[in-house]
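# Coordinates in review
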Amino acid sequence: MSQFAAALGGAVTAVGVGAVMVARNWPVPTGRRRARHAADTELLRPVEALDQTEAHCPVQDRPTLQLQLATGGMCCTECRHTTTREEAPSA
C-alpha cells in the first residue's frame with residue numbers, strides 16, 4: 001500500500017504543478033479597456049497635425065510650404081531646411 005500511496009502522491013503533485021504552470025500563463029484581464037473611436041473620425045498624419053504656412057525658404061530662394069515648430073523655428077517641407085527666428089528674413 002505504501003507504493004500505491006507514493007504513486008498517488010506523485011501524480012497529485014504533478015497535476016498540481018501543471019495546473020499552476022497553466023494558471024500563470026493564462027491571460028488575466030487587467031481591468032483597462034480601450035476607448036472606442038467613432039467611425040467617422042479620421043486620424044491625421046503627423047505632418048497634417050502641425051501648423052503649416054507658406055514662407056520664404058533661404059535654400060531654395062522661393063516661397064515654400066513650411067511647418068511651424070514648437071521651438072519657434074520653421075522647417076521647409078521640400079528640402080527639410082530648418083530656420084530659427086533669428087535666420088528668418090524680415091519682410
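Residues numbered from 1 in each chain as written. Predicted model: local features only at pLDDT ≥ 70, side-chain atom pairs only at ≥ 80, totals over all residues. Heavy atoms only, no water.

### Description of the pattern of salt bridges
Any two side chains of opposite charge can pair, on the condition that their charged atoms come close. How we decide: A pair is scored as a salt bridge if a Lys or Arg side-chain nitrogen falls within 4 Å of a carboxyl oxygen belonging to Asp or Glu. Starting at the N terminus, helices and strands are each numbered in turn, a helix being any DSSP run of H or I of at least four residues and a strand any DSSP run of E of at least two. Only protein chains enter the area calculation, which uses a 1.4 Å probe; residues under 20% of their type maximum are buried, those over 50% are exposed, and those in between are partly exposed.
With the rule as written, the count across this model stands at one salt bridge. In this structure, E78 engages R62 in a salt bridge whose closest nitrogen and oxygen atoms are separated by 2.5 Å. With E78 in the loop between β3 (74-76) and β4 (82-83) and R62 in strand β2 (residues 62-68), this pair connects stretches of sequence that are 16 residues apart. A relative accessible area of 38% places R62 in the partly exposed class.

### Structural notes on a nonpolar patch on the surface
This is how the line gets drawn: What goes into a patch is any residue over 30% in relative accessible area without a salt bridge, connected to like charges within 9 Å or, for nonpolar side chains (Val, Leu, Ile, Met, Phe, Trp, Tyr), within 5 Å. Every accessible area reported is derived by Shrake-Rupley at a probe size of 1.4 Å, with residue values counting cover from the shown protein chains alone.
Where nonpolar side chains cluster on the molecular surface, the patch consists of F4, L8 and V12 and spans about 320 Å² of accessible area. The residue F4 is located in helix α1 (residues 2-25) in this model. Judged by its relative accessible area of 56%, F4 is exposed.

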